[in-house]
Amino acid sequence: GRILYLTRHGESMYNLENRIGGNPSLTDRGHEYALQLGGYVNGKLRISQVWTSQLIRTLQTSAYIQDIETKRIQKPELNEILSGIFDHLTYEEFKAQNPKEYRQRELNKLTYQYPSGESYLDLCSRIEPIMQAMDTKENLLVVCHQAVIRCILARFQRKAAIEIPYIKVPSHSLIKLTWVDGKNLMEVIPFDV
Ligand code: F6P
């Protein structure tokens, strides 16, 4: 059946600082993941398209994938959850600046909508239109973000909505979803970065 590969971007500057959102670049370690991912994809995989978000960290993560046969497409739908007025803050700063909002998010992470931003439910609706296109016969690699991958995995693995914001998405790993016998078999390929 078709194979869909998903990966988070490599480690970013904001990951190091525990910051929300933004448009940071990769750290040296993140670039190392990009290099290893490129080597693996070029050497082992037959992929016809690579989809990224429009954010620098996913573009950098896919930078070493040769695009002789592979079409590279930026999809705004794959951008990370919009954190509105709390974009760029650390989780600690968010909590200190607005403990009530922070608490609301803790209590209701699925439905909590960042002011001027999105909730997980908003995000899942945003990606819904491209989910169909993701489910093609051709092999595809999607390089995006933690919250976005949670929504994609929930949809393909038929998880209960309430679980979505807590799905573990390992970093520096390829998630391989193979469609067999009417379901998606999931395999995680970790990289030594
Ligand atoms: O930590 C990286 C990140 O992608 C943030 O940009 C984003 O806001 C967050 O993860 C989503 O995870 P959570 O919903 O658990 O805060």
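Above this text is the structure in question.
Residues numbered from 1 in each chain as written. Predicted model: local features only at pLDDT ≥ 70, side-chain atom pairs only at ≥ 80, totals over all residues. Heavy atoms only, no water.

K.L.:
How do you make sense of the packing of helix α6 (residues 120–134) against helix α7 (residues 146–157) when you look at a structure like this?
P.N.:
Any two packed helices are characterised by the angle at which their axes cross and by the distance between the axes. At a closest axis distance of 9 Å, the pairing of α6 and α7 adopts a crossing angle of 60 degrees. In terms of their interaxial angle, α6 and α7 are classed as oblique. Between α6 and α7 the crossing geometry is right-handed. Across the interface between the two elements, Tyr120, Leu123, Cys124, Ile127, Glu128, Met131, Gln132 and Met134 from α6 touch Ala147, Val148, Arg150, Cys151, Ile152, Arg155 and Phe156 from α7. (Axes fitted to C-alpha atoms, helices over the stretch in contact; angles between N-to-C directions. Helix = DSSP H or I, 4+ residues; strand = E, 2+ residues; numbered from the N terminus. Parallel < 35°, antiparallel > 145°, perpendicular 65-115°, else oblique. Left-handed = near helix turned anticlockwise from the far one by under 90°. Contact = heavy atoms within 4.5 Å.)

K.L.:
Just to check I follow, could you spell out the pairing of strand β5 (residues 173–180) for this structure?
P.N.:
Side-chain positions along a regular strand alternate between the two faces of the sheet. Burial of β5 is extensive: six of the eight residues sit out of reach of the surface. Strand direction decides the pairing type here: strand β1 (residues 3–8) and β5, joined by four bridges, are antiparallel. Each bridged residue has a counterpart across the sheet, and for Ile3 the counterpart in β5 is Thr178. Sheet topology note: the β5/strand β6 (residues 183–190) ladder contains eight bridges and is antiparallel. Counted as the bridge partner of Leu177 is Met186 from β6. What sits between the antiparallel neighbours β5 and β6 is a turn of two residues, in which Asp181 has the positive phi angle 50 degrees. (Buried < 20%, exposed > 50% of the residue type's maximum accessible area, 1.4 Å probe, protein only. Pairing = 2+ DSSP bridges.)

K.L.:
For this particular structure, what's the right way to read the pattern of salt bridges?
P.N.:
A side chain with one charge may pair with a side chain of the opposite charge, provided their charged atoms come close. Enumeration according to the criterion identifies seven salt bridges in this entry. Glu11 serves as the salt-bridge partner of Arg29, at 3.0 Å between the closest nitrogen and oxygen. Taken together, the positions of Arg29 in helix α2 (residues 28–44) and Glu11 in the loop between β1 and α1 (13–17) put the pair 18 residues apart, joining distant regions of the chain. On the basis of relative accessible area, Arg29 is assigned to the partly exposed category, the value being 40%. Residue Glu11 is classed as buried on the basis of its relative accessible area, which comes to 14%. The partner of Arg126 in a salt bridge is Glu118, with the nearest N and O atoms 2.6 Å apart. With relative accessibility at 10%, the residue Glu118 sits in the buried group. Among the charged side chains, a network of salt bridges with common partners joins Glu17, Arg19 and Glu93. (Salt bridge = Lys/Arg side-chain N within 4 Å of Asp/Glu carboxyl O.)

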